[in-house]
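Notes for the structure review
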Amino acid sequence: MKLESEVKVSNRKSAFAELKDYCVSSMGEDREDTGDFLEVTEWTNGEGYDIYILDVAGEKQFHLTWGQFKALKKCIKAIEKL
């Protein structure tokens, strides 16, 4: 029985944005220089994303598959049309 398996090293695509440029709650003087940000990193297997947010509410991290991301975008577009 073989217990060891191969370890693969990869470079993952990611995008980073400071929230002060996008979010009203991150723009106030009391939030100045707090480092609020959002970072999205694509999974190594390419089947989804890790999303990490640091803002006034604290740290949040969640994960979406491609299908979940597509459904989320569709729901947001439906709301925007109202």
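Residues numbered from 1 in each chain as written. Predicted model: local features only at pLDDT ≥ 70, side-chain atom pairs only at ≥ 80, totals over all residues. Heavy atoms only, no water.

1. Thoughts on the sheet that holds strand β3 (residues 48-55)
This is how the line gets drawn: One bridge is not enough; two strands pair if DSSP finds at least two bridges between them. Only DSSP runs of H or I reaching four residues or more are called helices, and only runs of E reaching two or more are called strands; each is numbered from the N terminus. To obtain an axis, a line is fitted to C-alpha atoms, over the contacting stretch when the element is a helix, and the angle between two such axes runs from 0 to 180 degrees between their N-to-C directions.
As summarised here, the arrangement of the four strands in space is β1-β2-β3-β4, forming an open sheet in which the pairing is antiparallel. Each end of this open sheet is capped by a strand with a single partner; those strands are β1 (14-18) and β4 (58-65). With direction set aside, neighbouring strand axes in the sheet form an average angle of 10°. In this structure, strand β2 (residues 37-42) lies alongside β3, joined through six bridges in antiparallel fashion.

2. Quick notes on the nonpolar core
The condition that has to hold: Only buried residues count toward a nonpolar core. Its members are Ala, Val, Leu, Ile, Met, Phe, Trp, Tyr and Cys residues joined through side-chain atoms within 4.5 Å. When a residue's accessible area, from a 1.4 Å probe over protein chains only, is under 20% of the maximum for its type it is buried; when over 50% it is exposed; and in between it is partly exposed.
Listed in full, the five residues of the largest apolar core are Leu-19, Tyr-49, Ile-51, Ile-53 and Leu-64. The element contributing the most residues to this core is β3, with three residues.

3. Overview of a positive patch on the surface
Test applied: The patches reported here contain residues having more than 30% relative accessible area and no salt bridge. Joining distances are 9 Å for like charges and 5 Å for nonpolar side chains (Val, Leu, Ile, Met, Phe, Trp, Tyr). Computed by Shrake-Rupley with a 1.4 Å probe, the accessible areas treat only the displayed protein chains as cover when residues are assessed. Salt-bridge detection follows one rule: a side-chain nitrogen of Lys or Arg within 4 Å of a carboxyl oxygen of Asp or Glu. Positive charges come from Lys and Arg alone, negative charges from Asp and Glu alone, with His and the N- and C-terminal ends not counted. Charged side chains are reduced to one point each, which is NZ for Lys, CZ for Arg, CG for Asp and CD for Glu.
Among the surface-exposed residues, Lys-70, Lys-73, Lys-74, Lys-77 and Lys-81 lie close enough to one another that they form a single positively charged patch. Of note, Lys-73 is situated in helix α1 (residues 66-81). Relative accessible area serves as the criterion here: at 42%, Lys-73 is assigned to the partly exposed category.

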